[in-house]
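The primary structure of each chain is shown beneath.
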Amino acid sequence: MTLTSLTTSDGADWVLRATAGPIDDSITGRDIPATVPGEVQLDLLADGLIADPFDGANEGVQAWIGYCDWQYSTTFTWTPNGAVRHDLVADGLDTAATLTLNGVEVGRTQNQHRGYRFDVAELLRDGENQLVVDFRSPIEFAREQEALLGPRPTVMHHPFNAIRKVASNFGWDWGIDVSSSGIWKSIGIESWSGVRIASVRPLVSVTGTDGILTAHVTLEWANDAAAADLTVSIAGRSVSVQVAPGQADAVVPVDAGPVELWWPRGYGGQPLYDVEVSVADAAWSGRVGFRTVVLDTAPDEHGSPFHLTVNGRIIGIRGANWVPDDAFVTRVTRERYRGRIQDAVDANMNLLRVWGGGLYESDDFYDACDELGVLVWQDFLFACAAYAEEDPLRSEVEAEARQAITRLSTHPSLALWNGCNENIWGYLEWDWRRQLGDKTWGEGYYFELLPSLVAELDPTTPYSPGSPFSYTRYAHPNDPRHGTTHIWDVWNDRDYTVYGDYRPRFASEFGFQGPPAWSTLTASVHDEPLAPYGNQMLVHQKADQGNRKLERGLGEHLPQPRSIEEWHWASQLNQARALRFGIEHFRSLSPLNTGSVVWQLNDVWPVISWAAVDYAGHRKPLWHALKHAFTDRLLTLQPRDGKPALVAHNDSDVAWTGTVSVSRQALDGTELGSQSVALDVAPRGIVTVELDDAVTSAGDATGEFVSATTAEAEPAFWYFVEDPQLALLPTAEALDVVPETVPGGVRLTVTATSLVKDIVIQADRLDAAASVDRGLVTLPAGATAVFTITGDIRGAVLPAFPVLCSVNDLVTG
């Protein structure tokens, strides 16, 4: 096979032109240099024709872009090379496109989530050729398809559910509306003869200690083809079979012999085996890991569990939901994927759920998960809307699903296919039935088409119809007693302590908002003065009444902020506390609860959101809370019968033995009561210990607290009143700070003389590229902690608010 690449990096020159719609006067009739792969806004930005779409209130100023038609064109030289077939291959077009080669229409596309191939042998010229790709406005195309299919309920202002495009590209309650167009993946001319390997599904199974690879190979033949040997190789073993001209499919099993199993992180290693497939002059290579995955939802005495079982072991899931890592997805590099997934690993996560309003991510994403032992829960791309089950949508849904299942089946990290996000719940409870009448809404996709395709193409990976889902006809789809649960009343209406009222079998979505890092926020929001309800601030807050909910969420937990700096810190802290409270409670219910998947790990742009890591890559206080709450060995104090009890959850393969010192003490460190607890927690086990009244009953609730410490885990704390009632000292009085210059940054050694709660260093205030190695550290009197700041912060003033933050600052001012 010979590839004539038409990407910019391989020398192709592309030109972009607006062809219809409310075109801005500055670009009318103008040819704009374009990058392929790329997106319209990025080309306009690169040519200085628009400002940064993420900055200030530019989202509204640039809304016209999504209402325009756009044309990409390139001229390239091609020379006949003796091959029989010459295919124009477009791996990704966003979204409704017409392709024309040398003045002749080649084909039309209407699905961002799949690739296309067209035989253009009769259209190519020896010498100069012109390829033109015309894109219909995504907003107008969606409206046209909605008119064709009939309107259906959706949660957003554009009818994203009428077309197959990244739903959140039209905006979400955390996402900017960019409504982009573009050639977003590679494009070129593939020339070949004889036989071509169209796809390989290298499915694995394990028998005893031996691994079996069953390679399902799809072939395409040219008219000059002859019979050929198809060879599949793995682990030094090869099997060959002969395939006849025109044979479309071949199944080749290979006994790989004794293999090491692939495990999610924390349960074992991640060995990967190279696979090679060849036939005539065609070749394919990939990697597999040998593992088995089973989803067990069989009824038990409590309802319906959600047990994700890998290699016969129930995995305790500690995860996050994943959204596209940039609103302009072509900017997400292999390195950015790796860094963001490393954020999940460093926070002790073992699963990422690729949410259904996004996309089937690049192989770079799944490769990193394979290598780092992060399980992938992959939604099919349906979210928060009703979807027509008629053509032209249905045929596109099937085509994209077939391509996605085939491509991703090679990855051992893939642990679950999920039909949709919240659509079954929405149909039942969001007034969809009245609006829909007798229209289809997606039920046939989630319960018939998609499970049948998974069974056909990837039977090694389980399927779930949706999230949330209860796995029984007679339960509400979001019943916490059954299957998966989404908990959103807490953020929307109720205090975060309401998490404690839930006993979910598996929490697959729950979250609480907080602003991004200060440097991320102020790089994009320029209101004067900066305020929670400033114009640009609200452009970067997409949730309904989001900043009012941030205020309400502070409740009695923290004082109302007196400045924008306090608002920023208090809102970030409250977000972190809310999720830590919920996760620690859910883990204390083990084995009734088998997992938590928080909303969300990452952001698509600089925004106030539920993310733990902001768009610029800064780890928010929430990230530090997740690292603690998702630790292998969790020590937590939980309410039991009106007083605190000690809970030790050991999510590791090694027994946890040791001594826990429980102390009730005054804020100045005076011990008022103590108890020594001998721990012996089995691997993957949990122990709850009732504590003595001497440590659980306060004499002065405003001046006392309880701590539980051990050498084997982070300490746990219990307070008898909320922070505004605690008699905390100002940070400057309660904390000694000693800075020391070290290679690459500064080391801070901090020692408390009185209780200091939730210390966070906002290093990005000193240098937007700076980072700190820990956060949310609480120090009783006499305790010391060391923080290492990495970055160019020479000469910076460190030990004061708002760089060095604590609860004490908020309470004492």
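Scroll up for the structure.
Keep in mind that this is a model prediction, so the values were computed, not measured. (Residues numbered from 1 in each chain as written. Predicted model: local features only at pLDDT ≥ 70, side-chain atom pairs only at ≥ 80, totals over all residues. Heavy atoms only, no water.)

So, on to the pattern of salt bridges. All chains considered together, the criterion is met by 52 salt bridges. In this structure, Arg 318 engages Asp 651 in a salt bridge whose closest nitrogen and oxygen atoms are separated by 3.1 Å. One end of the pair, Arg 318, is in strand β23 (residues 317-322); the other, Asp 651, is in the loop between β32 (643-650) and β33 (656-666), and 333 residues separate them in sequence. By the burial criterion, Arg 318 is buried, and Asp 651 matches it. (Salt bridge = Lys/Arg side-chain N within 4 Å of Asp/Glu carboxyl O. Helix = DSSP H or I, 4+ residues; strand = E, 2+ residues; numbered from the N terminus. Buried < 20%, exposed > 50% of the residue type's maximum accessible area, 1.4 Å probe, protein only.)

By the criterion of burial, strand β5 (residues 85-90) is predominantly enclosed, with 6 of the 6 residues buried. Where burial is concerned, the two faces of β5 agree: the one with Arg 85, Asp 87 and Val 89 and the one with His 86, Leu 88 and Ala 90 are both buried. As judged from the 6 bridges shared by β5 and strand β12 (residues 187-192), these two strands associate in the antiparallel manner. The partner of Ala 90 across the bridge, within β12, is Ile 187. (Pairing = 2+ DSSP bridges.)

Below, the discussion takes up the pairing of strand β34 (residues 671-681). Taken together, the 10 bridges between β33 and β34 define a ladder with antiparallel strand orientation. Paired with Ser 661 across the bridge in β34 is Ser 676. Where β33 folds back onto β34 in an antiparallel hairpin, the turn is made up of 4 residues, including Gly 669, whose phi is positive at roughly 100°.

The next subject is the sheet that holds strand β42 (residues 777-779). Spatial strand order, β42-β40-β44: 3 strands in an open sheet with antiparallel pairing. In this open sheet, the two strands that pair with only one neighbour each are β42 and β44 (804-805). Here strand β40 (residues 756-761) runs beside β42; their pairing, made up of 2 bridges, is antiparallel. By the bridge assignment, Ile 759 is partnered in β42 with Val 777.

This part covers the environment of Phe 328. Here Phe 328 lies in the loop between β23 and α4 (334-346). Note: C-alpha distance between Phe 328 and Asn 169 (159 residues apart in sequence) is 8.5 Å. Sequence-distant contacts of Phe 328, that is, excluding residues within four places in its chain, are made with Glu 39, Gln 41, Leu 42, Pro 53, Phe 54 and Val 178. (Contact = heavy atoms within 4.5 Å.)

Turning our attention to the packing of aromatic side chains. Under the counting rule described, the total for this entry stands at 44 aromatic pairs. Each ring, one from Trp 322 and one from Phe 365, has its centre 4.9 Å from the other, and the planes form 55°; the classification is tilted. Taken together, the residues Trp 322 in strand β23 and Phe 365 in helix α5 (residues 363-372) connect sequence positions 43 residues apart. When its relative accessible area of 0% is taken as the criterion, Phe 365 is described as buried. The interplanar angle of 55° and the centroid separation of 5.9 Å between the aromatic rings of Phe 447 and Phe 469 together place this pair among those described as tilted. Here Phe 447, found in helix α9 (residues 443-457), pairs with Phe 469, found in the loop between β27 (463-464) and β28 (485-487); they are 22 residues apart in sequence, far enough to count as distant. Each residue in the set Phe 306, Trp 377, Phe 447, Phe 469, Tyr 471 and Phe 506 is aromatic and connected to the rest through ring pairs, giving one cluster. (Phe/Tyr/Trp six-rings, centres within 6.5 Å; stacked < 30°, edge-to-face > 60°.)

Before going further, it helps to spend a moment on the sheet that holds strand β21 (residues 307-310). What the 3 strands build is an open sheet, ordered β20-β21-β22; its pairing is antiparallel. The open sheet terminates on both sides in strands that have one partner only, identified here as β20 (293-296) and β22 (313-314). The pairing of β21 with β22 spans 2 bridges and is classified as antiparallel. Counterpart to Val 310 in the pairing with β22 is Arg 313.

This next bit is on the packing of helix α14 (residues 564-588) against helix α15 (residues 621-629). Contact geometry for α14 and α15: axes closest at 8 Å, N-to-C directions at 20°. Looking at the two axes, α14 sits roughly parallel to α15. Regarding α14 and α15, the two cross each other, and that crossing is right-handed. Each of Trp 569, Gln 572, Gln 575, Ala 576, Leu 579, Arg 580, Ile 583, Glu 584 and Arg 587 in α14 lies in contact with α15, whose residues at this interface are Pro 621, Leu 622, Ala 625, Leu 626, His 628 and Ala 629. Of the residues in the contact of α14 with α15, the class split is 9 nonpolar, 3 polar and 3 charged. (Axes fitted to C-alpha atoms, helices over the stretch in contact; angles between N-to-C directions. Parallel < 35°, antiparallel > 145°, perpendicular 65-115°, else oblique. Left-handed = near helix turned anticlockwise from the far one by under 90°. Nonpolar A, V, L, I, M, F, W, Y, C, P; charged D, E, K, R; others polar.)

A separate point is the nonpolar core. Ranked by internal contacts, the top residues of the largest apolar core, which has 147 residues, are Phe 365, Phe 380 and Tyr 446. When neighbours within four sequence positions are excluded, Tyr 446 is seen to be in contact with Phe 382, Ala 385, Tyr 387, Gly 419, Cys 420, Asn 423, Ile 424, Trp 441, Pro 451, Tyr 463 and Pro 465. Listed in part, the 38 residues of the second largest apolar core include Ala 12, Trp 70, Ala 97 and Phe 135. (Core = buried A, V, L, I, M, F, W, Y, C linked by side-chain atoms within 4.5 Å.)

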